[in-house]
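# Chain and residue survey
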Amino acid sequence: MSELLANAGTLLQQDGIPVADDPIIIGFGAAYLLIVIAIGVWGWMRTDTTSDFLITGKSIGTWVLALTAFSVIQSGFGFVGGPELVYEFGTTALWIFFTAPLGFLLTWVVLAKRLRILADIRNVLTLPDAMYVRYESDWVRGLSGVAVALGVIAYLAVNLAALQFVMRAIFGIPVLWGLFGGALILLLYSMLGGMIAGVWTDFLQAITMIVGAGFVFAYALSFGGGMANISQNLASADPNLVSPFGALGGATTAVLVGLAWWILFSVGAAGQPHLITKFYMSRNLTILKWGAPIAAISYAISSLIAFSAGLSMRAMVEAGQREATFSASEVGPVFVLDHTGSVIAGLILAALLAAIMSTSDSFLNIGAAAISRDIPRALNRPITDPKTELRVTQGALAGLTVLSTGVVYYSDALVGILGAISWGFFAAAFVPIAVFGLNWKGATKEGAIAALVIGMGFNIVYNVIPEAAAITGTEWLNESIMAIYPYPPAVPAEAISLLVTMVVFVFVSIATQRGQELPADLHALFER
């Protein structure tokens, strides 16, 4: 993975995206920004407590829950990072988009009911809250809060990296201005509306993206001359681009990468705090029943954008029918601007703008809560006044936004790869302690602490440090780390970390079970 970060990326501050000079597209973009800001103001008017700010006061229904769950996962990663990975590595990336819907089904089965029950049994607002209740350990709460804050910085960077391209495409401003301007608008929107604003913006853009994905798929097939012609052009250039495992590495490496991504994006979905904390928000347990298939099908449909745009653009470039005047990170916006109609382009780009804003709002909310609520409570220094806690939470948004903007500015990583890293960071930290912990009475706090430490440590060593080495020019550090990595560099360390932490969690829990009792009120979590 570090090799990809160092070599496959392109500077995110390039300006290779065509500028939309169509008033229809600009109008859609401006209208969506106004709608987003209006929803933020409306959310602010309805936000009185930290509960309102973080989990909407448990007020949302089935369709809103399902569509916000899918859209908070898709957003900038799906539209910018997805076409980018498909364009760069062919069918390798489809192991993400064809397996992620399974992740929604798995997550709903193993966590939805339990987390919603937990929200009724105890006053939990965040994932570290829930982990504290389950394990009765300040260490678990504190480490969970640190994991959330670190993961949010990387995940927010993914969306800001995508946002700068979308701002460039719609308004014609330099990419750098798009980054800083978009970050400022995002910060204001998030501080105003909290999760209430994010949920309803997610719902609006989810519907738009589902409709738009169908149109993009049709345009992409037409542009590429049909799937048969697209496949033929890709195979002529490199047969691996249309092979079952794609073109990321040699034959053996590609298989390992495909399997690793399958594990990471199916099982790993259950460790994404911005997804699983949505279950707190449902009005009751009944409405959870149909959320999984709705979210899974919606994600699959929206993934047609990445699949079709990435493959058709690469096919036309290989066939000499389109000049590659863009970087891989710009494939999605370039295709929509150049090869769809004004209305469709305006609709999709505007919906993506809203998607990035609302998804980033979710990240900021859970990250800020970790800083203002979870970590102080773990240190036995809680903020006791609800109003003060809310204001501190809002204040923490600024620091996270600044840090994430810096990651985008200095990083050369592909948006899709950066997204996989942040997804993997959360998966390794939270799949063991949340999924196993809420489904197995034998899980222990010692197992949770070990899993959190090893999960974060593994990802920091094999992802964060190599990226920092690439930025600072200390390549010797990157080479030293990869010398002890037992797999080809293209195999994502995030998936290996997830598997390692699950094994560690189980073994440490078994070894430390003696004498530990589950609190009486939590037995309801394990009833079928």
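Let us look at the structure shown here. (Residues numbered from 1 in each chain as written. Predicted model: local features only at pLDDT ≥ 70, side-chain atom pairs only at ≥ 80, totals over all residues. Heavy atoms only, no water.)

### Some remarks on the packing of aromatic side chains
A full pass over the atoms with the stated rule returns 13 aromatic pairs. Relative to Phe-245, the ring of Trp-95 has its centre 5.0 Å away and its plane inclined at 10°; by these criteria the two rings are stacked. Of the two residues, Trp-95 is situated in helix H5 (residues 94-97) and Phe-245 in the loop between helix H10 (227-237) and helix H11 (251-266); the sequence distance between them amounts to 150 residues. Ring centres of Trp-108 and Phe-279 lie 4.9 Å apart, and the angle between their planes is 80°; this geometry places the pair in the edge-to-face category. Of the two residues, Trp-108 is situated in helix H6 (residues 100-121) and Phe-279 in the loop between helix H12 (273-276) and helix H13 (291-302); the sequence distance between them amounts to 171 residues. This pair shows no difference in class: Trp-108 is buried, exactly as Phe-279 is. Among the aromatic side chains, those forming a connected cluster through ring pairs are Phe-458, Tyr-462, Tyr-485 and Tyr-487. Here the basic side chain of Arg-141 rests over the ring of Tyr-132, its NZ or CZ set 4.1 Å away from the ring centre. In this arrangement the basic side chain of Arg-314 is found over the ring face of Tyr-87, its NZ or CZ atom lying 5.6 Å from the centre. (Phe/Tyr/Trp six-rings, centres within 6.5 Å; stacked < 30°, edge-to-face > 60°. Helix = DSSP H or I, 4+ residues; strand = E, 2+ residues; numbered from the N terminus. Buried < 20%, exposed > 50% of the residue type's maximum accessible area, 1.4 Å probe, protein only. Lys NZ or Arg CZ within 6 Å of the ring centre and 35° of its normal.)

### Some points on the side chain of Ser-144
Tracing the sequence through the fold places Ser-144 in helix H8 (residues 138-171). The exposure class assigned to Ser-144 is buried, which follows from its relative accessible area of 0%. Residues in contact with Ser-144, not counting those within four places in the same chain, are Pro-128, Met-131, Phe-430, Ile-433 and Leu-452. (Contact = heavy atoms within 4.5 Å.)

### A look at the layout of surface pockets
Taken as a whole, the second largest pocket encloses approximately 230 Å³ of empty space. Among the residues making up the lining of the second largest pocket, the classes are represented as 4 nonpolar, 4 polar and 5 charged. (1 Å grid on protein atoms, 1.4 Å probe; cavity = no way out; pocket = protein on both sides within 12 Å on 5 of 7 lines; lining within 4 Å. Points joined across faces, edges and corners; volume = space filled by probe spheres on them. Nonpolar A, V, L, I, M, F, W, Y, C, P; charged D, E, K, R; others polar.)

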